[in-house]
Amino acid sequence: MQLGMVGLGRMGANMTRRLMRGGHTMVVSDLSVDAVKGIAGEGAVASSSLDDLVGKLTAPRAAWIMVPSGDPTEKTVQALISTMQAGDTIVDGGNSYFKDDVRRSKMCAAKGVHYVDVGTSGGVWGLERGYCMMIGGPKEAVQRLDPIFKTLAPGRGDIPRTPGREKITGTAAGTAEDGYIHCGPSGAGHFVKMVHNGIEYGMMDLTAMALTENPTLAEYSGFVQDSGEGRWTIQAALEEAVPAEVLTAALYTRFRSRQDHTFAEKMLSAMRQKFGGHVEPKAKS
């Protein structure tokens, strides 16, 4: 099927490539003209602006946003709402705060535009291995985009199924084994992704790989950033009175790393880099 991709950073570009490999037609847009030209050279349809992108999509249109969360996403959604028509779909595949999704979905609904939020996990390996997706939005829109989700997802592969899964058939079986799931209404996808990322704060497990490459971890400063989703997870836990001791401790450790750069903080920085490709500042000599 046809899909517009807004944002051609590392994940947006690789998702576009994976979708084209799967036979989908991609119309792309980015603030970088060179990025657009590069992907167009691989088979995508270039656009010069968001209006141009929407104009090159066939109704009912679908545009997937992969830009930084916060103001860039907000402005992109607002621009698309002003251009799209009833029956079209806006997909936010970034790391937005779920409460922003709920608000934006209401703005879209007022114009008859569907809003789908997709928590996307795949990082540096997504192009080849696929992306796990946690999806929120109207059932009608999610089902129409299923060919997109199915292509992006890892699929079942050849590992043994969870015992008892073979007994679950029909609608109840769902798509979880394929690597994506419809979690509920708009906002539900990013809520689940928020918790997913919060859990990652406490269980990143690629230590051996980093130590094998460099036992001293000299290339790491020990200054560890946080994306904001760990904070959101803990905030949600507080609002619901749910204990989240490990996630809270993991977030505070990241805060501490910005004051005290010991080997432990370098280890944390190395795990984050291995887990999601997040590059931290190099240590000063």
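Data block above holds the structure.
Structural notes, computed from the coordinates. None of these values were measured; they are calculated from a predicted model.

About the criteria used
- Within each chain, residue numbers correspond to sequence positions counted from 1 in written order.
- It should be noted that, the model being predicted, local features are given only for residues of pLDDT at least 70 and side-chain atom pairs only at 80 or more, the latter also being counted only at that level, while totals for whole chains, interfaces and linings use all residues.
- Note that the side-chain values use all heavy atoms of the structure and ignore hydrogens as well as water.
- Here the rule is simple: two strands pair whenever DSSP picks up at least two bridges between them.
- Numbering goes from the N terminus for both helices and strands, where a helix is a DSSP run of H or I of at least four residues and a strand is a run of E of at least two.
- Note on definitions: a residue-residue contact is assigned when non-hydrogen atoms from the two residues lie within 4.5 Å.
- What counts as an axis is a line fitted to C-alpha atoms, over the stretch in contact for a helix, and the angles between N-to-C directions run from 0 to 180 degrees.
- Here, a disulfide means two cysteine sulfur atoms that sit within 2.5 Å of each other.
- Buried residues are those whose accessible area, probed at 1.4 Å on protein chains only, stays under 20% of the maximum for their type, while exposed residues exceed 50% and partly exposed ones sit between those limits.
- Only protein atoms enter the 1 Å grid, on which a cavity is a set of points fitting a 1.4 Å probe that cannot get out and a pocket is an open set with protein on both sides within 12 Å along at least 5 of 7 lines, lining residues being those with an atom within 4 Å of a point.
- Grid points are joined across faces, edges and corners, and a volume is the space filled by probe spheres set on the points.
- Residue classes follow a fixed rule: Ala, Val, Leu, Ile, Met, Phe, Trp, Tyr, Cys and Pro count as nonpolar, while Asp, Glu, Lys and Arg count as charged, and any other residue, Gly among them, counts as polar.
- Salt bridge, as used here: a side-chain nitrogen of Lys or Arg that lies within 4 Å of a carboxyl oxygen of Asp or Glu.

## Considering the sheet that holds strand β6 (residues 114-121)
One open sheet holds the eight strands; their spatial order is β3-β2-β1-β4-β5-β6-β7-β8, and the pairing between them is mixed. Pairing within the sheet leaves two strands with one partner each, and these edge strands are β3 (45-46) and β8 (180-184). Where strand β7 (residues 132-136) lies against β8, four bridges are found, and the strand directions are parallel. Note that in β8 the partner of Gly136 across the bridge is Gly184. Each of β5 (89-92) and β6 touches helix α5 (residues 98-109); the most contacted strand, β6, lies at about 150° to it.

## Some thoughts on the state of the cysteines
Counted under the stated rule, the structure contains zero disulfides. Between Cys108, a cysteine without a disulfide, and Cys183, which holds the nearest cysteine sulfur, the sulfur-to-sulfur distance is 19 Å. The class for Cys108 is buried, based on a relative accessible area of 0%. Cysteine Cys183 shares no disulfide, and the gap to the nearest cysteine sulfur, in Cys132, comes to 12 Å.

## Brief notes about the layout of surface pockets
The calculated volume of the second largest pocket comes to roughly 300 Å³. Looking at the second largest pocket, the residues that line it are Ile135, Lys139, Val142, Gln143, Asp146, Phe149, Thr171, Gly174, Thr175, Tyr180, Ile181 and His182. Class assignment for the residues of the lining of the second largest pocket results in five nonpolar, five polar and two charged.

## Thoughts on the pattern of salt bridges
Inspection of the entire model under this criterion finds 13 salt bridges. Salt-bridge contacts for Lys75 lead to Asp71; the nearest nitrogen and oxygen are separated by 3.1 Å. Highlighted residues: Lys75 and Asp71, both in helix α4 (residues 71-83), separated by four residues, approximately one helical turn. The exposure class assigned to Lys75 is exposed, which follows from its relative accessible area of 55%. Judged by its relative accessible area of 45%, Asp71 falls in the partly exposed class.

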